[in-house]
Amino acid sequence: MSQRVELAVRPLVEYVFRGGSLEGGFRSVSTLTEGTKAHQKVQQQYGELDRKEVYLSLEIPCGKFLFVIDGRCDGLLVDGDGRITIEEIKSTAQELEAVDSESFPVHWAQAKCYAYMYAVLHDVSELDIQLTYVQIDTEEQKRFVQTMTREQLEAFVTDVIQRYAPYAEMLHRHRVKRDASIDGLAFPFPAYRQGQRKLAGAVYTSIAEEVKLFAQAPTGIGKTMSTIFPAVKAIGTGLLQRIFYLTAKTITRTAAEEAFARLQAKGLHLHAVTITAKEKICFQEQLSCRKEDCIYADGYYDRVNGAILDMLGHETLIDRGVIEAYARKHRVCPFEFSLDAAYAADAVICDYNYIFDPRVSLKRQLTEQKRHTALLVDEAHNLVDRSREMFSSALGKSAFLALQREFKVANKSLSASAKEVNAYFIRRRKQAEEKRLIEREAPDELLLLLEDFVQQAERELAGGTGGGTSESGSLLLETYFEAVHFVKIGKLYDERYVTYVDISSQEVRVRMFCLDPSHLLRDMGKGYRSHIYFSATLAPIGFYRDMLGAEADDYTLSIPSPFSREQLEVVLLPLSTRYRDRETTVEPLAAYLRTLTEERPGNYLFFFPSYVYMNTVYEHFIAEGPQADTIIQHGEMSEAEREDFLAAFEAGRSGGTLAGFAVMGGIFSEGVDLVGNRLTGVVVVGVGLPQIGLERNIIRDYFDQTGRNGYDYAYVFPGMNKVLQAGGRLIRSEQDTGLLVLVDDRYLQPHYARLLPAEWSNHAVITL
């Protein structure tokens, strides 16, 4: 009996005909909305007999497989004599003069598959195939036509299927083995921790019912396994085919990899791929995706299918090291290779932006694939500010002035376009010198100028005049992508945005700033079966439901701490850490920290609201020669320096007491596990409020105007989240004990006190 394989046309031809170019990621920049509009523009011209979005499905046997191919062809055109033309419509931001009939074989392949399906289903011996390209800015159209017989189409499609079959066979073998391994998979620990089974059950239920879950689960409960295990089980029962585990930081990515490794040790057979940022995984000393500069980009599409088959046929846990090894073996770009592997994986571990950021999201996912995919969003509190940044965009004057000068002779049109943009910035600078410019409208004039600049830049990048230096080429490519992103964000602009002008002595910047990203997160996450947002600090839960785009029917779960009150001693030191009082409270605070480390030896982490305040207290702390060893965080620490910082916190270290100075909201205040005697005390200085500034004040004013407490939304809730994260470093397991000191008199105020977790409420108040 043949094995049935259901497959849409698009992924089939994209596997066989790897289109595009690795040269700087220079690909079509049209958005989904723009693409839909382009299709509709062409389809509006159809005659009475013509049809659009025609669904086609055909069974094609190949060896032991029966491929069920389906899809929707954009147009079915019928002339007066009844002759059939199958039309495939593609939108592009490229100039159409740069597109010829052989530019994109994958587009012809897609159209030929539809043509063959129609020919078989309707017994047509010959028909025409038409590719129509639409330039998204000018709406100009360009068409190419081929005439093919049914026999020619059959030969073509048979070849495509045969080339795809080894991949299909590998996936089939893998999925049979995967599902069998999941069926017998037990929870990988002897018992669930308190609250862990409840979280796992809520995750599975949310996936089954196709809703979102917003879960606050305390530190140390084992959230990573509590979300991954039920999601893997949902794959085994057919609810899911894929999991995305989304993180904000490398350290939480590692926790997910370790969870999959633990499940593998218990018998799980599953492909889990980790995506590492391009700048970190690139093999070249200088990042350049031009085939002339990189041997791993040159000929990538000729080698990647073999590389994918090799790696997926021999590996399951595919982390950075595995990707790099196979990328070198097959001489392919490791970053693009990881993306291609991710499309075939059962689980993908990656940053938030691969799903939510319009610049880098994994766009080749089809609607049907999304319906069988769950998003597990770790440390979800981070997604609020991250998404606000994803959906914002800024441009500066200096790049356009430099391009105006650099291409003055080599490309006069490009130079003139850059000059117009530069002149716009000059006008805005003069306006802003008279008053602060904060506007509720999109910068329409700039957006129009940028559309022309993008067109001119594309011509230069696609072929160009050959003028300019390599440095100017890099600047042009970088500015081109920034301009494209700015234009994209301009299309999202609505009442939840502001535009402001930022002026310094060297630069003028215009920024479109997203104040409320919730609706855009909803839009970017549409189509996925379920979203699981989880964190130890998703409080107040109403704030995070609001900001992360919850629907009324989505679930909320809050799990109390599984640890006993005896494990944690909480002390409140009501010392003002407000900016105006810091100078007078530095010495008393430093003296308290010295006394603490002398009277209660151990390993301590002291968290501060800023580097300046931390460094000042540190200087006073060491001035009198404390008995403790010290280590201090500094900006832009390398990975090796971060590892050295954490490695200093050894259990029972021979050097005596250790005091680590760090900042709230930084790399050591989240996702760090210092279990047992590695950490005996944490001091959190301040209530974590973000620094008062223009953007925070704009956010405050916006939420005030929409009927919510703007100060809480802009300052208090994000600040207290940092406090909870920092304090959460202390108790990580059932055996941990320790001292938590909260330093600030505002903790005595009901507004702040009610934001503390229940296990911190039974605190002692001390005075100096």
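Residues numbered from 1 in each chain as written. Predicted model: local features only at pLDDT ≥ 70, side-chain atom pairs only at ≥ 80, totals over all residues. Heavy atoms only, no water.

## Here's the deal with the overall build of the protein chain
Inference 1: A count of helices and strands for the protein chain gives 26 helices and 25 strands.
Inference 2: With the C-alpha coordinates aligned to their principal axes, the bounding extent of the protein chain is approximately 95 × 70 × 50 Å.
Inference 3: By the burial criterion, 55% of the 768 residues in the protein chain qualify as buried.
Inference 4: Counting only contacts in the protein chain whose residues sit at least 6 apart along the sequence, the fraction spanning at least 24 positions is 78%.
Inference 5: For the protein chain, the accessible surface area stands at approximately 33,300 Å², while carbon and sulfur atoms represent 48% of it. (Helix = DSSP H or I, 4+ residues; strand = E, 2+ residues; numbered from the N terminus. Buried < 20%, exposed > 50% of the residue type's maximum accessible area, 1.4 Å probe, protein only. Contact = heavy atoms within 4.5 Å. Areas by Shrake-Rupley, 256 points an atom, 1.4 Å probe, with all protein chains shown as cover.)

## Some details on the packing of helix H24 (residues 694-705) against helix H25 (residues 710-727)
Inference 1: Remark: H24 packs on H25, axes separated minimally by 5 Å, with the N-to-C direction vectors making an angle of 130°. As judged from the angle between their axes, H24 and H25 are oblique. Mapping the contact onto sequence places Arg696, Asn697, Ile699, Arg700, Phe703 and Asp704 in H24 and Gly710, Tyr711, Tyr713, Ala714, Tyr715 and Pro718 in H25.
Inference 2: Split by residue class, the contact of H24 with H25 holds seven nonpolar, two polar and three charged. (Axes fitted to C-alpha atoms, helices over the stretch in contact; angles between N-to-C directions. Parallel < 35°, antiparallel > 145°, perpendicular 65-115°, else oblique. Nonpolar A, V, L, I, M, F, W, Y, C, P; charged D, E, K, R; others polar.)

## Some thoughts on the sheet that holds strand S18 (residues 555-558)
Inference 1: Read across the open sheet, the eight strands follow the order S10-S9-S11-S8-S12-S17-S7-S18; overall the sheet is parallel. In this open sheet, the two strands that pair with only one neighbour each are strand S10 (317-318) and S18.
Inference 2: Seen against the sheet, helix H5 (residues 196-209) touches strand S7 (213-216), strand S12 (373-377), strand S17 (530-535) and S18 and runs at an angle of roughly 175° to S18.
Inference 3: Taken strand by strand, helix H6 (residues 223-236) contacts strand S8 (242-247), S12 and S17, and its axis lies near 160° from that of S8. (Pairing = 2+ DSSP bridges.)

## Remarks on the nonpolar core
Inference 1: Counting residues in each nonpolar core, the largest one holds 187 residues, and the members touching the most others are Phe337, Phe356 and Phe453.
Inference 2: Ignoring sequence-local partners within four residues, the contact set of Phe337 consists of Tyr300, Val304, Ala307, Ile308, Met311, Ile323, Tyr326, Ala327 and Val332.
Inference 3: Counting residues in each nonpolar core, the second largest holds 37 residues, with Phe187, Leu199, Ile228 and Leu263 among its members. (Core = buried A, V, L, I, M, F, W, Y, C linked by side-chain atoms within 4.5 Å.)

## Here we look at the packing of aromatic side chains
Inference 1: Under the criterion given, the structure shown has 36 aromatic pairs.
Inference 2: Aromatic pair Tyr133 and Phe144: ring centres 6.2 Å apart, planes at 70°, arrangement edge-to-face. Within this pair, whereas Tyr133 is found in strand S5 (residues 126-135), its partner Phe144 is found in strand S6 (residues 141-149), the two being separated by 11 residues in sequence. Pair check on accessibility: Tyr133 and Phe144 agree, each one buried.
Inference 3: The rings of Tyr604, Phe606, Phe608, Tyr613, Tyr618, Phe621 and Phe661 are connected pair by pair, giving a single aromatic cluster.
Inference 4: The positively charged end of Arg328 is found above the aromatic ring belonging to Phe283, 3.8 Å away from the centroid.
Inference 5: In this structure, Arg582 is placed above the aromatic ring of Tyr613, and the distance from its NZ or CZ to the ring centre is 4.7 Å. (Phe/Tyr/Trp six-rings, centres within 6.5 Å; stacked < 30°, edge-to-face > 60°. Lys NZ or Arg CZ within 6 Å of the ring centre and 35° of its normal.)

## A few points about helix H21 (residues 582-599)
Inference 1: Along its 18 residues, H21 runs 25 Å from first to last C-alpha, staying within 8% of the 26 Å computed at 1.5 Å per residue.
Inference 2: Within H21 the residues assigned to the buried category are Arg582, Thr585, Val586, Leu589, Ala590, Tyr592, Leu593, Arg594, Leu596 and Thr597.
Inference 3: In this structure, the buried side of H21 is in contact with strand S19 (568-573), strand S20 (603-608), helix H22 (611-623), strand S23 (681-685) and strand S24 (738-743). (Expected span 1.5 Å × (residues − 1).)

## Thoughts on the environment of Asp351
Inference 1: On the secondary structure map, Asp351 appears in strand S11 (residues 347-351).
Inference 2: Taking the C-alpha atoms as reference points, Asp351 and Ile275, separated by 76 residues in sequence, lie 7.8 Å from one another.
Inference 3: Residues in contact with Asp351, not counting those within four places in the same chain, are Leu246, Thr247, Ala248, Arg253 and Arg386.
Inference 4: In this structure the side chain of Asp351 is engaged in a polar contact, spanning 2.4 Å, whose partner is the side chain of Arg386. (Polar contact = N/O pair within 3.5 Å; in protein donor to acceptor, adjacent residues only side chain to side chain.)

## Focus: the pattern of salt bridges
Inference 1: Applying the stated rule across the entire model yields 37 salt bridges.
Inference 2: Between Arg428 and Glu439 there is a salt bridge; the shortest N-O distance is 2.8 Å. Of this pair, Arg428 sits in helix H16 (residues 412-434) while Glu439 sits in strand S14 (residues 438-439), placing them 11 residues apart in sequence.
Inference 3: A residue is classified by how much of its surface remains accessible, and Glu439, at 22% relative accessible area, is partly exposed.
Inference 4: A salt bridge links Lys526 to Asp523, with the shortest nitrogen-to-oxygen separation between them at 3.6 Å. (Salt bridge = Lys/Arg side-chain N within 4 Å of Asp/Glu carboxyl O.)

## Things to note about the sheet that holds S20
Inference 1: Within the open sheet, the seven strands sit side by side as S21-S22-S20-S23-S24-S19-S25. Their pairing is parallel. Sheet topology places strand S21 (629-632) and strand S25 (764-765) at the edges, where each strand pairs with a single neighbour.
Inference 2: Sheet topology places S21 next to strand S22 (residues 658-663); four bridges connect them, and they run parallel. Note on S22: the bridge partner recorded for Asp629 is Leu658.
Inference 3: Contacting S19, S20, S23 and S24, H21 runs over the sheet at an angle of about 165° to S20.

## Describing unusual backbone geometry
Inference 1: Cis peptide bonds are those with omega within 30 degrees of zero, and the linkage from Ala539 to Pro540 qualifies with 0°.
Inference 2: Assignment of secondary structure puts Pro540 in the loop between S17 and helix H20 (541-547).
Inference 3: One non-glycine residue with positive phi stands out, namely Asp123, at about 55°.
Inference 4: Structurally, the position occupied by Asp123 is in the loop between helix H3 (105-122) and S5.

## Overview of the side chain of Asn721
Inference 1: Position of Asn721 among the secondary structure elements: in helix H25.
Inference 2: The contacts of Asn721, once residues within four sequence positions are left out, are His381, Thr537 and Tyr544.

## Some points on a negative patch on the surface
Inference 1: Side chains of Glu639, Glu641, Glu643 and Asp644 sit close together on the surface and give a patch of like negative charge.
Inference 2: Along the chain, Glu639 turns up in helix H23 (residues 639-647). (Patch = residues over 30% accessible without salt bridge, like charges linked within 9 Å, V, L, I, M, F, W, Y side chains within 5 Å. Lys, Arg positive; Asp, Glu negative; His and termini not counted. Charge placed at Lys NZ, Arg CZ, Asp CG, Glu CD.)

## A short note on the confidence of the model for the protein chain
Inference 1: Scored by pLDDT, the protein chain comes out at a mean of 90, with 95% of its residues at no less than 70.
Inference 2: Predicted confidence is poor over residues 20-32, with pLDDT under 50, and the contacts of this stretch with residues over four places away or in other chains come to 43 contacts. (pLDDT = per-residue confidence, 0-100.)

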